[in-house]
Amino acid sequence: MPAAAPPDAPGVRSTLPSLTGLRFVAAFIVLISHTGYLFFMGARPEDNYADYLFVVGSLGLTFFFVLSGFILTWVAREDDTRRLFWRRRLVKIFPNHLVTLAATVVLMIISGVAVTVENTLPSVFLLQSFFPMQEVIQGHGINSPAWSLTCELLFYLCFPLLLPLIRRIRDNRLWLWAGGFTLAVLAMPFVAQLLPDQPVMWWGGDMSWWQYWFVYHFPVTRMLEFVLGILMAQIVLRGRWIGLPLGWAALLAVAAYGVTTQLPDVFAWMSLSALPLALVIAAAATADVRGRRTGFGGRRMVWLGEISFALYIVHYLVLYYGPVRAVDPMHGMETWSFVEAVGDVALTIGISLVLAWLLYTFVERPAMRRWSRPAADTAVRSGQRPPGGPAPAPVPAAAPTPAPVPAQEPEPVQRKEPTLLQ
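An unreviewed UniProt entry lists the chain under the name Acyltransferase, with Streptomyces stephensoniae as the source organism.

Student: What am I meant to see in the overall build of the chain here?
Tutor: In terms of helices and strands, the chain carries 15 helices and 2 strands. Taking as baseline every contact in the chain between residues at least 6 positions apart, the subset at least 24 positions apart corresponds to 79%. For the chain, the accessible area works out to roughly 18300 Å², and carbon and sulfur atoms hold 67% of it.

Student: Explain the packing of aromatic side chains to me, please; I cannot follow it from the model alone.
Tutor: What characterises a pair of aromatic rings is the spacing of the ring centres plus the angle enclosed by the ring planes. Scanning the entire structure with this criterion turns up 22 aromatic pairs. Between phenylalanine 159 and phenylalanine 226, the ring centres sit 6.2 Å apart and the planes meet at 70°, which makes this aromatic pair edge-to-face. Within this pair, whereas phenylalanine 159 is found in helix α6 (residues 147-167), its partner phenylalanine 226 is found in helix α9 (residues 219-237), the two being separated by 67 residues in sequence. Residue phenylalanine 159 is classed as buried on the basis of its relative accessible area, which comes to 5%. Ring plane angle 70° and centroid distance 4.9 Å describe the contact between phenylalanine 190 and phenylalanine 267, whose orientation is recorded as edge-to-face.

Student: Just to check I follow, could you spell out the pattern of salt bridges for this structure?
Tutor: Between side chains of opposite charge, pairing is possible as soon as their charged atoms come close. For the structure shown, the criterion picks out 6 salt bridges. Taking the shortest distance from any N to any O, the salt bridge between glutamate 364 and lysine 92 comes out at 3.7 Å. With glutamate 364 in helix α14 (residues 338-371) and lysine 92 in helix α3 (residues 82-111), this residue pair connects regions lying 272 residues apart in the sequence. As far as burial versus exposure is concerned, glutamate 364 and lysine 92 are alike and both buried.

Student: Help me understand the nonpolar core in this model?
Tutor: Ranked by internal contacts, the top residues of the largest apolar core, which has 99 residues, are Leu19 and Phe70. Listed in part, the 8 residues of the second largest apolar core include Met108, Ile142, Leu317 and Tyr321.

Student: I tried to follow the packing of helix α7 (residues 174-192) against α9 on my own but got confused; where do I start?
Tutor: Two quantities define a packed helix pair, namely the angle between the axes and the distance from one axis to the other. Their axes nearest at 9 Å, the elements α7 and α9 cross at an angle of 160°. Between α7 and α9, the angle falls in the class roughly antiparallel. Here the hand of the crossing between α7 and α9 comes out left-handed. Taken together, the residues of α9 that come into contact with α7 (itself represented by Leu174, Trp175, Trp177, Ala178, Phe181, Thr182, Ala184, Val185 and Met188) are Thr221, Leu224, Glu225, Val227, Leu228, Leu231, Met232, Gln234 and Ile235. Partitioned by chemical class, the residues of the contact of α7 with α9 number 14 nonpolar, 3 polar and 1 charged.

Student: What am I meant to see in unusual backbone geometry here?
Tutor: What is expected of a backbone is that most residues other than glycine have negative phi and most peptide bonds are trans. Cis geometry marks the peptide bond from glutamine 198 to proline 199, where omega comes out at 0°. When you line up the elements, proline 199 lands in the loop between α7 and α8 (209-217). Despite not being glycine, leucine 126 has its phi angle at roughly 55°, a positive value. Looking at the secondary structure, you find leucine 126 in the loop between α4 (117-124) and α5 (134-137).

Student: Any chance you could explain α9 here in plain terms?
Tutor: Along an α-helix, residues three or four apart share an orientation, since each turn contains 3.6 residues. In this model α9 runs 27 Å from its N-terminal to its C-terminal C-alpha over 19 residues, within 8% of the 27 Å that 1.5 Å per residue would give. Summarising burial for α9: 18 of the 19 residues are buried, a large majority. Within two residues after α9, glycine 239 carries a phi angle of roughly 75°, on the positive side.

Student: Sorry, what's going on with the packing of helix α10 (residues 246-260) against helix α11 (residues 274-289) here?
Tutor: The N-to-C vectors of α10 and α11 enclose an angle of 160°; their axes lie 8 Å apart at closest approach. As far as their axial angle goes, α11 and α10 are roughly antiparallel. Regarding α10 and α11, the two cross each other, and that crossing is left-handed. Contact residues: Leu246, Ala249, Ala250, Leu252, Ala253 and Ala256 in α10; Pro276, Leu277, Leu279, Val280, Ala283 and Ala284 in α11. Class assignment of the residues belonging to the contact of α10 with α11 gives a composition of 12 nonpolar, no polar and no charged.

Student: Is there a simple way to think about the side chain of serine 144 in this case?
Tutor: With respect to the helices and strands, serine 144 occurs in the loop between α5 and α6. On the basis of relative accessible area, serine 144 is assigned to the buried category, the value being 13%. One polar contact links the side chain of serine 144 to the main-chain carbonyl oxygen of isoleucine 137, over a distance of 3.3 Å.

Student: So what exactly am I meant to see when it comes to α8 here?
Tutor: With 8 of 9 residues buried, α8 lies mostly within the body of the structure. Of all the positions in α8, only Trp209, Gln211, Tyr212, Trp213, Phe214, Val215, Tyr216 and His217 are classed as buried.

Student: Even after reading the chapter, I still don't get the environment of alanine 274, so can you show me in this structure?
Tutor: Here alanine 274 is to be found in helix α11. On the basis of relative accessible area, alanine 274 is assigned to the buried category, the value being 1%. Sequence separation of alanine 274 and valine 185 is 89 residues, and the distance between their C-alpha atoms is 7.9 Å.

Student: What exactly am I supposed to notice about the environment of leucine 231 here?
Tutor: As for its position among the elements, leucine 231 is in helix α9. Judged by relative accessible area, leucine 231 falls into the buried class, the value being 0%. Taking the C-alpha atoms as reference points, leucine 231 and phenylalanine 70, 161 residues apart in sequence, are found 7.5 Å from one another.

Student: Explain the confidence of the model for the chain here, please?
Tutor: For the chain, mean pLDDT is 83; residues scoring 70 or higher make up 77% of the total. Here strand β2 (residues 332-333) is the element of the chain with the lowest mean pLDDT, 52, and α9 is the one with the highest, 98. Scored below 50 in pLDDT, residues 8-13 shows 10 contacts in the model against residues more than four places distant or in partner chains. Scored below 50 in pLDDT, residues 379-422 shows 107 contacts in the model against residues more than four places distant or in partner chains.

So, how was this worked out
- Residue positions within a chain follow its written sequence, with the count starting from 1.
- Given that this is a predicted model, residues contribute local features only at a pLDDT of at least 70 and side-chain atom pairs are listed and counted only at 80 or more, while totals for whole chains, interfaces and linings are drawn from all residues.
- With hydrogens and water set aside, each side-chain value is computed from the structure's full complement of heavy atoms.
- Secondary structure follows DSSP: runs of H or I at least 4 residues long count as helices, runs of E at least 2 residues long count as strands, and numbering of each begins at the N terminus.
- Any two residues whose heavy atoms approach within 4.5 Å at even a single point are treated as in contact.
- With residues, only the protein chains shown are counted as cover, and all accessible areas are computed by Shrake-Rupley using a 1.4 Å probe.
- The rule is short: rings of Phe, Tyr and Trp, with Trp giving its six-membered ring, pair when the centres are within 6.5 Å, and they are stacked under 30 degrees, edge-to-face over 60, tilted in between.
- For every residue, the accessible area (1.4 Å probe, protein chains only) is compared with the maximum for its type, and the residue is labelled buried under 20%, exposed over 50%, or partly exposed between those bounds.
- Definition used for salt bridges: Asp or Glu carboxyl oxygen within 4 Å of a side-chain nitrogen of Lys or Arg.
- Buried residues of nine kinds, namely Ala, Val, Leu, Ile, Met, Phe, Trp, Tyr and Cys, make up a nonpolar core once their side-chain atoms join them within 4.5 Å.
- Each axis is a line fitted through C-alpha atoms, and for a helix only the stretch in contact is used; angles between axes span 0 to 180 degrees, taken between their N-to-C directions.
- By definition in this entry, angles of less than 35 degrees are roughly parallel, angles greater than 145 are roughly antiparallel, angles of 65 to 115 are roughly perpendicular, and the rest are oblique.
- By convention, the crossing between two helices is left-handed when the near helix turns anticlockwise from the far helix through less than a right angle, and right-handed when the turn is clockwise.
- Lys, Arg, Asp and Glu make up the charged group, whereas Ala, Val, Leu, Ile, Met, Phe, Trp, Tyr, Cys and Pro make up the nonpolar group; the residues left over, Gly among them, are polar.
- Given a helix with a known number of residues, its expected span is that number minus one, times 1.5 Å.
- Each polar contact in these results corresponds to two N or O atoms within 3.5 Å; when the atoms are within protein, one needs to be able to donate a hydrogen and the other to accept it, and residues that are neighboring in sequence are counted only if both atoms are side-chain atoms.
- pLDDT gives the predictor's per-residue confidence on a scale running from 0 to 100.

Structure follows, in structure tokens:
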């Protein structure tokens, strides 16, 4: 099959609404993973189908890590600076994180959960995943999903250094590099076998905490998936995409998940789905630039995708501290009937969506509008007078830009960046 034309060719669509919609699908998978596992474990602990729900959440995180590399590469521009890039990315993640962290501490105090240096201080600076300690990453009552923001923060710090290096790779070797990083991802569980087999996991399993942490939480390990996303974006941008349809790529991802559920111990947590999900992302992006409908790029799906980061960062608090608790912060897992579990899952999802909308509307979006760029730069771009400065010159009509720009939430700049779900 001939290589696809690069998506920045004249006349080619440059927005990627399907990837925004797919972000919600991935966030919803994580939500279902946590709520389904905890509620259905309380309803039918003798069955193992809850384990399938738990493992599926790893697909959502792999998707986000690969997507981060893909989207940041897709929107990268030559006139950007490291400082401006880092500023935008920090403003993207820290407002939501700090608000939910403050809420977590308050809820812990109200519920009688001990607030310690270990379960709070590393989280303030998004360093918790560098500490191989269960109480730091998965301590009782804390907002555990925030660990992935440590990985995203490392990705953001390294991206301006990685992209120039990857751009030097010759076109005909991009797939070879993508295959090499896929093999590196698959090799991580074997490396983990060299780590201590103690202590054991809090929630069970045959692997040690050190092995699980290295494969699943360690930011340097997860960096491999991020780089795979960068490589896949380069493959599409340089016209080296193989033309795989989105449906077939999705089937490969589902098959990878099916195999993952049958793997033992720490191998069940490796990112076997990393390459299939990278193919899904590339196929969806290619479909968007060619104007093909995917079912994920509609207005409702795009809106859900925009609040997906907020949904990811807030849903665990609903599980722990909401009106229907999957886990009592002081006494552990609750028990109930299967019918009650289904109703509680639905209620938890509904509350999480409402809180995500509020967090996005009143924290995330205003923060991006206010602080993602220097005040003077924002004022010039919006045609306003910078504080203490002369009136800006009239801004000429913008010429069509050849660089692809994903459709995303409104910001006070002409060029928009994606809301990456960490």
